[in-house]
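# Understanding the architecture of this molecule
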Amino acid sequence: MRPLTERDIRTSFVNCSKGEARRLGLPKDLGERPWDDLDFLGWRDPGAPERAYLVADRGGRLVGIALRGTSGTSRGFTARSLCSLCLTTRTGGGVALMTARRTGEAGRQGNTVGQYLCTDLACSLYLRGKRQAAVGGDLDESLTVDEKVARTRANLHAFLDKVTA
C-alpha cells in the first residue's frame with residue numbers, strides 16, 4: 001500500500017459524514033507504518049477504543065469505513081477465534097465482531113454489516129510473519145505468502161462490497 005496522508009484518509013470515508021471523518025482520531029504513527037507490508041490501513045481510535053477504522057485501495061480509489069467493535073469481556077486464553085479476513089486464529093479477545101454502517105439508504109435506515117476481525121487490524125503483518133499471534137495462531141496450510149495475501153485481499157474486497165452495496 002502506498003503511504004497515506006491525513007487528507008487521503010479523511011476524504012476516503014464512505015459510511016460516515018464529512019464532519020465525523022474530520023473528527024476521527026488518526027494514528028499518531030502514520031509516518032512510521034510499514035506501508036510496503038500493508039494491504040490496508042487499520043487502526044483503533046485512541047480516544048474511543050470501541051471505534052476502529054479501515055482504509056483500503058479498491059480499484060485505484062481509496063475506500064475508508066468506520067467500524068464499531070464489540071465491547072465485551074475477553075473469552076480467556078484457551079478460547080480461540082478466527083479473523084474472517086486473514087484467517088489468523090487468536091486467543092484472549094484478539095478477534096472481535098466489528099460492524100460497519102452500510103452506505104446509502106440502507107445505512108440511513110440503520111443497516112450494518114459485521115465481520116470478525118483482528119482487534120488490532122494488523123492482518124497484513126500476521127500474514128507476512130511480521131507480527132506473531134498467540135501459540136497455535138497460524139493455520140497449518142500449504143499456501144505461499146502471496147496466495148495468503150491474495151485471499152485476504154479478496155476477503156477484504158468482499159467485505160467492502162457488502163458495506164458499499
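We now turn to the structure provided with this report. (Residues numbered from 1 in each chain as written. Predicted model: local features only at pLDDT ≥ 70, side-chain atom pairs only at ≥ 80, totals over all residues. Heavy atoms only, no water.)

### Quick word on the packing of aromatic side chains
Convention followed: The rule is short: rings of Phe, Tyr and Trp, with Trp giving its six-membered ring, pair when the centres are within 6.5 Å, and they are stacked under 30 degrees, edge-to-face over 60, tilted in between. Secondary structure elements are defined from DSSP: runs of H or I of at least 4 residues count as helices, runs of E of at least 2 residues count as strands, and each element is numbered from the N terminus. Relative accessibility thresholds used throughout: buried, under 20% of the residue-type maximum; exposed, over 50%; partly exposed, between the two (1.4 Å probe, protein chains only).
Within this structure, the stated rule accounts for two aromatic pairs. Look at Phe13 and Tyr53: their rings are 5.8 Å apart centre to centre, the planes differ by 85 degrees, and that puts the pair in the edge-to-face class. Placement of Phe13 in the loop between α1 (6-12) and α2 (18-23) and of Tyr53 in strand β2 (residues 48-58) is noted, with a sequence separation of 40 residues between them. Assigned by exposure class, Phe13 and Tyr53 land together as buried.

### Some details on helix α5 (residues 145-164)
Short version of the rule: Multiplying 1.5 Å by the helix residue count minus one yields the expected span of that helix. Between two residues, a contact is recorded if the distance between any of their heavy atoms is within 4.5 Å.
Its 20 residues place the ends of α5 28 Å apart at the C-alpha level, agreeing with the 28 Å of an ideal helix rising 1.5 Å per residue. Within α5, burial applies to Lys148, Val149, Arg151, Thr152, Leu156, Phe159, Leu160 and Val163. The inward-facing, buried residues of α5 contact β2, β3 (61-69), β6 (95-101), β7 (112-118) and α4 (123-127).

### A closer look at a positive patch on the surface
Short version of the rule: Surface patches are drawn from residues lacking salt bridges whose relative accessible area is over 30%; two like charges belong together within 9 Å, two nonpolar side chains (Val, Leu, Ile, Met, Phe, Trp, Tyr) within 5 Å. In this description, accessible areas are obtained by the Shrake-Rupley approach with a 1.4 Å probe, and a residue is regarded as covered only by the protein chains that are shown. When a carboxyl oxygen of Asp or Glu is within 4 Å of a side-chain nitrogen of Lys or Arg, the pair counts as a salt bridge. Charged residues are defined narrowly, with Lys and Arg counted positive, Asp and Glu counted negative, and His plus the chain ends left uncounted. We put the charge of a Lys on NZ, of an Arg on CZ, of an Asp on CG and of a Glu on CD.
A cluster of basic residues, Lys18, Arg22, Arg23 and Arg51, forms a positive patch on the protein surface. Structurally, the position occupied by Arg22 is in helix α2.

### Observations regarding the nonpolar core
Selection rule: As used here, the term nonpolar core means buried Ala, Val, Leu, Ile, Met, Phe, Trp, Tyr and Cys residues forming a set that is joined through side-chain atoms within 4.5 Å.
Residues Ile9, Phe13, Trp43 and Leu67 are the most contacted members of the largest nonpolar core, which totals 44 residues. Of all the elements in the fold, those that place two or more residues in this core are β1 (41-45), β2, β3, β6, β7, α4 and α5. Among all residues touching Ile9, those that are not within four sequence positions of it are Leu4, Leu26, Leu30, Leu41, Trp43 and Val55.

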